Amino acid sequence: MTADGTPVHRWTLERAGTRVRLLTYGGILQSVEVPDRDGTTADVVLGFADPLEYLGSRGPYFGALIGRYANRIAGGAFALDGRTYRLARNDGPNSLHGGEEGFDRRVWEAEPDGDHAVRLSLVSADGEEGFPGRLAVSVTYALDADGSLRLGYRAETDAPTPVNLTNHTYWNLGGEGSGTAAGHALRLAASRITTLDGVAIPTGELAPVGGTRFDFREPRAVDSGYDINYVLDAPGSLDSGQPAAELHDPVSGRTLTVTTTEPGVQLYTGTHFDGKPYGPGEGIALETQHFPDSPNRPDFPDTVLRPGEVFASTTVYGFSVR
């Protein structure tokens, strides 16, 4: 239970060799168990074994659903339809991941959605964390027939409001607690990044990755020190068969593919982990999203949801070995 006595439940999904556990607190993806090339199963996401540890944590959003706006909004403010809205500044001068009490700190309602899926839902009240409009949100976690994990996001509002939803899982394909993920090979189908200023806000420039340390168009080992949004070359190509990202651990043989309807992926390599419980570089986050600070960047893909519209987004995590 939370401090106010609200029950927290854990759901388990299992299909085709993949076992997933998720919590109604924060919509947290607590564990994902998949086999390596020898058939040995391990949990490949970072997090706490005891669900109570999430309740007191102000840590790095292990496995959580993020909203109402994932990533940063500059200065904790944005203008919409002639009015300025003020948000919590919980990341230096900026608003991060929905503010002080974002969706990662909420208890979601849960119900089964068929044999291999759970639908989580919540209502974000008008004015919550400074955002306008009553927002009704649902996220469905489903295991496909091949064991892939599919996240389907949906939201509706009664007043214009920015919406940017993601999941903040950190992956270590060697297994949780196995040490650094720096030896993982990463490929990203992105030729550009949103360059950042000194407080991690986009400057507006979409810079080519060619000839820089940000170039993962061909697979190569990823080290620590990344926290940057990649502009996908083919946004919305969920059914193209071409993943937005591919992560491979040469030791275990496990491979993760990420396909999405979103236009961007935030690569974050756990740079700020302090050893409690993980050290720097022990997990790699691949957050499918719209771009940071889009409410203040009209040239970026639009994140404003209006009454009568439906926000819909899908991301699929596929698992294989080689």
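Everything below is about the structure printed above this text.
Undergrad: How would you explain unusual backbone geometry if you had to name every residue and give the values?
TA: Glycine aside, the phi torsion of most residues is negative, and most peptide linkages are trans. Residue R68 is reached from G67 by a cis peptide bond, and omega for that bond is 10 degrees. With respect to the helices and strands, R68 occurs in the loop between β5 (65-66) and β6 (72-73). Omega for the peptide link from K276 to P277 comes to 5 degrees, which places this bond in the cis form. For P277, the position within the fold is in the loop between β24 (264-268) and β25 (284-289). Located in the positive-phi region is D81, a residue other than glycine, with phi close to 55 degrees. Counting through the fold element by element, D81 comes out in the loop between β7 (77-80) and β8 (83-86).

Undergrad: Give a description of the nonpolar core that names residues and reports values.
TA: A general tendency of soluble globular proteins is for nonpolar side chains to be buried together. Grouped together as the largest cluster of nonpolar side chains are 53 residues, with contacts concentrated most on Y141, Y230 and L286. In contact with Y230, other than residues within four places in its own chain, are L188, A190, R192, I193, V209, F214, F216, P263, G264, V265 and L267. Membership of the second largest hydrophobic core comes to 17 residues, among which are Y54, Y61, Y268 and Y278.

Undergrad: So, the sheet that holds strand β1 (residues 10-15): which residues are in play, and what are the values?
TA: Within a sheet, neighbouring strands are paired by backbone hydrogen bonds and run either parallel or antiparallel to one another. With respect to topology, 4 strands assemble into an open sheet ordered β1-β2-β3-β4, the strand pairing being antiparallel. In this open sheet, the two edge strands, each paired with only one partner strand, are β1 and β4 (41-43). The average angle at which neighbouring strand axes cross in this sheet is 15 degrees, direction not considered. Across 3 bridges, strand β3 (residues 29-35) lies against β4 in antiparallel orientation. Across the sheet, residue P35 finds its bridge partner in β4, namely T41.

Undergrad: Tell me about the environment of P298, and please be specific about residues and values.
TA: In this structure, P298 sits in the loop between β25 and β26 (304-305). The class for P298 is exposed, based on a relative accessible area of 81%. P298 sits 105 residues away from I193 along the chain, and the two C-alpha atoms are 17 Å apart.

Undergrad: Can you explain the pairing of strand β27 (residues 311-321)? Please cite residues and give values.
TA: Within β27, 8 of the 11 residues are buried, which leaves it mostly tucked inside the rest of the structure. Both strand β13 (residues 149-157) and β27 contribute to a ladder of 7 bridges, which runs antiparallel. By the bridge assignment, Y153 is partnered in β27 with S313. Bridge count for strand β23 (residues 254-260) against β27 is 7 bridges, and the pairing is antiparallel. Note that in β27 the partner of V258 across the bridge is Y317.

Undergrad: Pulling in residues and values, what's your account of the packing of aromatic side chains?
TA: Counted under the stated rule, the structure contains 16 aromatic pairs. With a centroid separation of 5.4 Å and 25 degrees between ring planes, the pair formed by F78 and Y85 is classed as stacked. By relative accessible area, F78 is classed as buried at 3%. For the pair W171 and F319, a centre-to-centre distance of 5.9 Å together with 50 degrees between the ring planes defines the contact as tilted. With W171 in strand β16 (residues 170-171) and F319 in strand β27, this pair connects stretches of sequence that are 148 residues apart. With respect to burial, W171 and F319 carry one shared label: buried. Cluster of aromatic residues (ring-pair linked, three or more members): F48, Y54, F62, Y170, Y268, F273 and Y278. Residue placement shows R213 over the ring face of Y226; its charged tip is 4.0 Å from the ring centre. For R220, the ring lying beneath its charged end belongs to F216, and the centroid distance is 4.0 Å.

Conventions adopted
Residues numbered from 1 in each chain as written. Predicted model: local features only at pLDDT ≥ 70, side-chain atom pairs only at ≥ 80, totals over all residues. Heavy atoms only, no water. Helix = DSSP H or I, 4+ residues; strand = E, 2+ residues; numbered from the N terminus. Core = buried A, V, L, I, M, F, W, Y, C linked by side-chain atoms within 4.5 Å. Buried < 20%, exposed > 50% of the residue type's maximum accessible area, 1.4 Å probe, protein only. Contact = heavy atoms within 4.5 Å. Pairing = 2+ DSSP bridges. Axes fitted to C-alpha atoms, helices over the stretch in contact; angles between N-to-C directions. Phe/Tyr/Trp six-rings, centres within 6.5 Å; stacked < 30°, edge-to-face > 60°. Lys NZ or Arg CZ within 6 Å of the ring centre and 35° of its normal.

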